[in-house]
Amino acid sequence: MSVKHLAKGAAFPPLKHGIIRLYSMKFCPFAQRSRLALAARGIEHEIVNCNLKEKPEWLLERNPKGLVPVLEHDGKVIYESLIVNDYVDEVFPGKRTLNPKDPYQKALDGIMLDSFSSQVTGNLYKVRRSKGEDSESKEKLLAGLGKLEAELKKRGTTFFGGSQPGMVDYNMWPFLERLNLMQNGDMTFIGDNLPVLKTYIENMTSDEAVQATMTSPEEIKKFAEAYDKGLAQYDF
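Residues numbered from 1 in each chain as written. Predicted model: local features only at pLDDT ≥ 70, side-chain atom pairs only at ≥ 80, totals over all residues. Heavy atoms only, no water.

As for the overall build of the chain
Then step 1. Looking only at helices and strands, the chain has nine helices and five strands in total.
Then step 2. Seen in sequence order, the chain has helices and strands lined up from the N terminus as β-β-α-β-α-β-β-α-α-α-α-α-α-α.
Then step 3. Relative to the 2.2 N^0.38 estimate, which gives 18 Å for 236 residues, the radius of gyration of the chain is 18 Å and therefore close to what a compact globule would have.
Then step 4. The principal-axis extents of the C-alpha atoms in the chain amount to approximately 50 × 45 × 25 Å.
Then step 5. Of all 236 residues assigned to the chain, the portion counted as buried reaches 47%. (Helix = DSSP H or I, 4+ residues; strand = E, 2+ residues; numbered from the N terminus. Rg over C-alpha atoms; globule rule 2.2 N^0.38 Å. Buried < 20%, exposed > 50% of the residue type's maximum accessible area, 1.4 Å probe, protein only.)

Things to note about the packing of aromatic side chains
Then step 1. Applying the stated rule across the entire model yields ten aromatic pairs.
Then step 2. Their ring planes at 65 degrees and their centres at 5.6 Å tell us that phenylalanine 12 and tryptophan 58 sit as a pair that is edge-to-face. Of this pair, phenylalanine 12 sits in the loop between strand 1 (2-6) and strand 2 (20-24) while tryptophan 58 sits in helix 2 (residues 57-62), and the two are 46 residues apart along the sequence.
Then step 3. Overall, the relative accessible area of 5% leaves tryptophan 58 in the buried class.
Then step 4. Of the aromatic side chains, those joined through ring pairs into one cluster are Phe27, Phe223, Tyr227 and Tyr234. (Phe/Tyr/Trp six-rings, centres within 6.5 Å; stacked < 30°, edge-to-face > 60°.)

Quick notes on the side chain of arginine 35
Then step 1. The residue arginine 35 is located in helix 1 (residues 29-41) in this model.
Then step 2. One buried charge, arginine 35, has no salt-bridge partner; the nearest side chain with opposite charge is glutamate 177, at 7.1 Å.
Then step 3. Only 3.4 Å separates the side chain of arginine 35 from the backbone oxygen of methionine 25, close enough to count as a polar contact.
Then step 4. Looking at arginine 35, its side chain comes within polar contact range of the main-chain oxygen of lysine 26, at 3.4 Å.
Then step 5. Look past the residues within four positions of arginine 35 in its chain and what remains in contact with it is Leu22, Ser24, Met25, Lys26, Cys28, Ile47 and Thr213. (Lys, Arg positive; Asp, Glu negative; His and termini not counted. Salt bridge = Lys/Arg side-chain N within 4 Å of Asp/Glu carboxyl O. Polar contact = N/O pair within 3.5 Å; in protein donor to acceptor, adjacent residues only side chain to side chain. Contact = heavy atoms within 4.5 Å.)

Overview of the pattern of salt bridges
Then step 1. Going through the model one piece at a time under the given rule, you end up with 13 salt bridges.
Then step 2. Of the charged contacts in the structure, one is a salt bridge between glutamate 219 and lysine 26, with a shortest N-O distance of 3.0 Å. Of this pair, glutamate 219 sits in helix 9 (residues 217-228) while lysine 26 sits in the loop between strand 2 and helix 1, and the two are 193 residues apart along the sequence.
Then step 3. Exposure remark for lysine 26: the relative accessible area of 29% places this residue in the partly exposed category.
Then step 4. When salt bridges that share partners are traced, they join Glu61, Arg62 and Glu72 into one network.

Quick notes on helix 5 (residues 135-155)
Then step 1. Look at helix 5: 30 Å from first C-alpha to last across 21 residues, which is about the 30 Å you get at 1.5 Å a residue.
Then step 2. Within the span of helix 5, buried status applies to Ser137, Leu141, Gly144, Leu145, Leu148, Glu149 and Leu152. With its buried residues spanning 150 degrees around the axis, helix 5 presents them on a single face. Among the exposed residues of helix 5, those oriented more than 90 degrees off its buried face are Ser135, Glu136, Glu139, Lys153 and Lys154.
Then step 3. Elements that come into contact with the buried residues of helix 5 comprise helix 4 (103-129), helix 6 (167-177) and helix 7 (195-205). (Expected span 1.5 Å × (residues − 1). Arc of directions from axis to C-beta.)

Topic: helix 7
Then step 1. For helix 7, the full list of buried residues reads Leu197, Tyr200, Ile201 and Met204. With its buried residues spanning 100 degrees around the axis, helix 7 presents them on a single face.
Then step 2. On its buried face, helix 7 sits against helix 5, helix 6 and helix 8 (208-213).

A word on the environment of tryptophan 173
Then step 1. Positionally, tryptophan 173 belongs in helix 6.
Then step 2. When its relative accessible area of 1% is taken as the criterion, tryptophan 173 is described as buried.
Then step 3. Between the C-alpha atom of tryptophan 173 and that of arginine 33, which follows or precedes it by 140 residues, the distance is 7.7 Å.
Then step 4. When near neighbours in sequence (up to four residues on either side) are disregarded, tryptophan 173 contacts Gln32, Leu36, Ile201, Met204, Thr205, Val210 and Met214.

A short note on the packing of helix 4 against helix 6
Each pair of packed helices can be summarised by the angle the axes make with each other and by the distance between the axes.
Then step 1. Contact pair helix 4 / helix 6: the axes reach a minimum separation of 10 Å and the direction vectors enclose 5 degrees. Relative to helix 6, the element helix 4 is oriented roughly parallel. Of the residues in helix 6, those in contact with Asp109, Met112, Leu113, Phe116, Thr121, Leu124 and Tyr125 of helix 4 are Val168, Asn171, Met172, Phe175 and Leu176.
Then step 2. In terms of residue class, the contact of helix 4 with helix 6 is built from nine nonpolar, two polar and one charged. (Axes fitted to C-alpha atoms, helices over the stretch in contact; angles between N-to-C directions. Parallel < 35°, antiparallel > 145°, perpendicular 65-115°, else oblique. Nonpolar A, V, L, I, M, F, W, Y, C, P; charged D, E, K, R; others polar.)

Thoughts on unusual backbone geometry
Then step 1. Cis rather than trans, the peptide bond between valine 68 and proline 69 has omega equal to 10 degrees.
Then step 2. On the secondary structure map, proline 69 appears in the loop between helix 2 and strand 4 (70-73).
Then step 3. Unusually for a residue other than glycine, aspartate 74 sits at a positive phi of about 50 degrees.
Then step 4. On the accessibility criterion, aspartate 74 (43% relative accessible area) is partly exposed.
Then step 5. Backbone geometry at glutamate 80 places phi at a positive 85 degrees, although glycine is not the residue there.
Then step 6. Structurally, glutamate 80 is set in the loop between strand 5 (76-79) and helix 3 (81-91).

Given below as structure tokens:
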């Protein structure tokens, strides 16, 4: 794993035959999705962290958008987090599969994730950047979280994936993890109105894959504050 984020002009790290490589960025929630999927399935892989302000030429060769995650394995290159995760789940042997075996349930999870993306993901960052002053975005964010609360109650399970976190849990988690940016590293932003979701977040925090891929709230906050000022401090 390259702990340091490699930038434009950096030499391309030699590939190892048979080893899965994930091009990532430590603070990117989309790349974290794929780190979670690989960790949850117990799949051996290596990580190459990339500077997304001064992008390495070889990253752009693999993904013209210059974004992460990008997965490379034996000459095959795939990008976009949800596509990467489904590929990881279908192609490589691991200790368990993450997507539901029932196509209908997988479709329902996809619908829920789409709703989550439209109501939670973007509004989360709008609320943070406004320091809570953007009341419209905050209302939409809380409505999205309320939908998660209701859905988890309806399913009656510890996680959306059942007794263990599934793919939909891991695809949502990086953004739920960043809720702690709302109020000094705790979950009081959720409040007492969403007790099921609050317990869910506590349970997710204890998951082995989540713990293996988690970045401290302090580091995420430090990166986010610098990023908002037009600075990109990838390596502290």
